[in-house]
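Chain by chain, the residues:
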Amino acid sequence: MAGGEKNGRPVNFWPGWYAMLTYVAMVAALWCIFVYAPTEKAQGIVQRIFYFHVSSAMTMFVAFFAVFVASIIYLWKHADWWDQTAMSAAELGVLFCTLVLITGPIWGRPIWGVWWTWDPTLTLTLVLWLIYVAYLMLRADATDPRRARFAAILGIVGFIDVPLIRWSIEKWRNLHPDPVIVQSGGTTGLPPAMMLTFLVSLTAFLLLFVFLLRQRMAIARRRHELEVLRYKVDEALFG
Amino acid sequence: MSVNGAFMRQAGAILAKDLKTEWRAREVFTSMFVFTVLVVVVFQFTIGSNPALIREVAAGVLWVALLFATVIGLQRAVQMEGEEDCLQGVLLAVQDRSALFLAKALANMIYLLVVAGCILPLFALWFRVDLTASLPDLGVILALGIVGLSVLGTLFSLIVLNIRMREVMLPLLFLPVSVPLLIASVYATGDLIDGKTLADIRDYVILITVFDVVFLVLAVLIFDYVVEE
Amino acid sequence: MKNFWYLFSAYTIIWTALWAYVVYLSQANRALKQDIEALRAQLDNVIAANDASKEGGV
């Protein structure tokens, strides 16, 4: 969709080149993952899940961090724009969180021999999923301005909880070692070609995140506009 | 907010009013206590009669019971506020709204402490654990954990007060956020039952304390936004 | 190509999910845009009709 103006309002301030850039980055990431990156010796080809799995996880954290920051500014400034940012980022965070939770077990099954282990990061992701799904439920109808404020508070509380969850899970994990480890799969100390592939994937995901965020915010803004218009029509019709 | 005489007096007055109402009706406490007993008994049935297994899960059952008791107590409190619509009146009367939060959290803390005190003998009896040696240490962990549960639970209960699906939303919001507190409290309690002392479980004590302090400060800072009209 | 199906399903799921979300977003956006335009046209009509009836009354 190209940018344009109607009645002096920007209908879609969405530059087409940005969508193209995101698209190119995604294709480049795929090319790197399946053609350029070497196959890891210990894990074989499933290791290639790593690039999108970890990119999703990092994008998820960026999204939840965006919810946190936007929530603070919303409570402070009371501007709808920040509330729409927080809500849209939360929805995207849950989307990427779901992708992490799906690809984690698919990667883990051939490596660990089980679909699920209470691996600290995977467990943290699961708890975050529960928190932010509750966030989305809390604001299922966004019409009540008070609800936006409550959601902002949950956005702040939820993100502050992240290090505490991480800390507690690590303590708890010391008591529950991995059930079966078929192969140990380390991802630290990546060789340069793999690191580059990962960075390209991460860049693509972050570009995609911003793209989706702005699309989602356009929906939120339009819903708001629609409500204002409905109110105006009612007023004009019935005084 | 300012912690001064007036603030404390206001918080004290609201707390005294709540406790007096509760003393007459005993609704919140009764539902919390009966529910806690129920959770402990139901878990007994599901675990079976293996003594080693019972001992292993005892701490977890105790904290799950307290966690649910918090939800039940807060739901009842929220329902009563909604029925009588007295929160608005109180809000108009107090200058510092954090006083209201503090009073509500303290009330919940007192109910939970009483419930914990009543359930401990039954718990020791049914789960066949000897708590006499570790009682003072256990008291510290229970008190610290209950502070966290009450602070976080009260904040969320006041958030859901005005929304449609409040009965469902309170546990949905409260349970995942309280995960760190739950993990630390369960394992701290388990270690104490196994004969360790507070010095051995310093990490858990620190974690619970950090949780309490972080959410108490945060709740007091943002409470004005919860009740603002 | 050991474990090919794990790799295949992981990427298929990611791409399908992202694609479905993009489609959902653009459809929702388009529907909202149409609703807004329709409502705006209705509002203009109503205002015009109101003005006309006022003038007729005087």
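Residues numbered from 1 in each chain as written. Chains lettered and ligands numbered in written order. Predicted model: local features only at pLDDT ≥ 70, side-chain atom pairs only at ≥ 80, totals over all residues. Heavy atoms only, no water.

A. Quick peek at the interface of chain C and chain A. At the interface, 31 residues of chain C touch 42 residues of chain A. Summing both sides of the interface, chain C and chain A together bury roughly 3,600 Å²; the carbon and sulfur share of this comes to 76%. Per-residue buried area on chain C facing chain A is highest for Tyr 6, Tyr 11 and Tyr 21 of chain C; these three make up 18% of the total on that side. At the boundary of chain C with chain A, the tally comes to one salt bridge. (Contact = heavy atoms within 4.5 Å. Buried area = accessible area lost by both parts, 1.4 Å probe. Salt bridge = Lys/Arg side-chain N within 4 Å of Asp/Glu carboxyl O.)

B. Fine view of unusual backbone geometry. Even without being a glycine, Arg 26 of chain B presents a positive backbone phi close to 55°. You can see Arg 26 of chain B is positioned in the loop between helix 1 (5–25) and helix 2 (27–47). (Helix = DSSP H or I, 4+ residues; strand = E, 2+ residues; numbered from the N terminus.)

C. Summary view of the nonpolar core. Counting residues in each nonpolar core, the largest one holds 168 residues, and the members touching the most others are Val 157 of chain A together with Phe 156 of chain B. Looking at this core, the element that brings in the most residues is helix 6 (residues 192–238) of chain A, giving 17 residues. Dropping the residues within four chain positions of it, Val 157 of chain A is found in contact with Leu 152, Leu 155, Phe 156, Val 177, Phe 215, Leu 218 and Ile 222 of chain B. (Core = buried A, V, L, I, M, F, W, Y, C linked by side-chain atoms within 4.5 Å. Buried < 20%, exposed > 50% of the residue type's maximum accessible area, 1.4 Å probe, protein only.)

D. Just the packing of helix 2 (residues 49–77) of chain A against helix 6 of chain A, in detail. Residue and element names in this part refer to chain A. Two elements in contact, helix 2 and helix 6, have axes separated by 9 Å at closest approach and are oriented at 40°. As summarised for this structure, helix 2 and helix 6 are arranged oblique, according to the angle between their axes. The handedness of the crossing between helix 2 and helix 6 comes out as right-handed. Contacts from Phe 50, Tyr 51, Phe 52, Val 54, Ser 55, Ser 56, Met 58, Thr 59, Val 62 and Ala 63 in helix 2 reach Met 194, Thr 197, Phe 198, Ser 201, Leu 202, Phe 205, Leu 206 and Phe 209 in helix 6. (Axes fitted to C-alpha atoms, helices over the stretch in contact; angles between N-to-C directions. Parallel < 35°, antiparallel > 145°, perpendicular 65-115°, else oblique. Left-handed = near helix turned anticlockwise from the far one by under 90°.)

E. Local environment of the environment of Trp 116 of chain A. Residue and element names in this part refer to chain A. For Trp 116, the position within the fold is in the loop between helix 3 (80–112) and helix 4 (120–138). When the C-alpha atoms of Trp 116 and Leu 101 are compared, they prove to be 9.7 Å apart, with 15 residues separating the residues in sequence. If near-sequence neighbours (up to four positions away) are discounted, Trp 116 is found in contact with Leu 101, Pro 105, Leu 122 and Leu 126.

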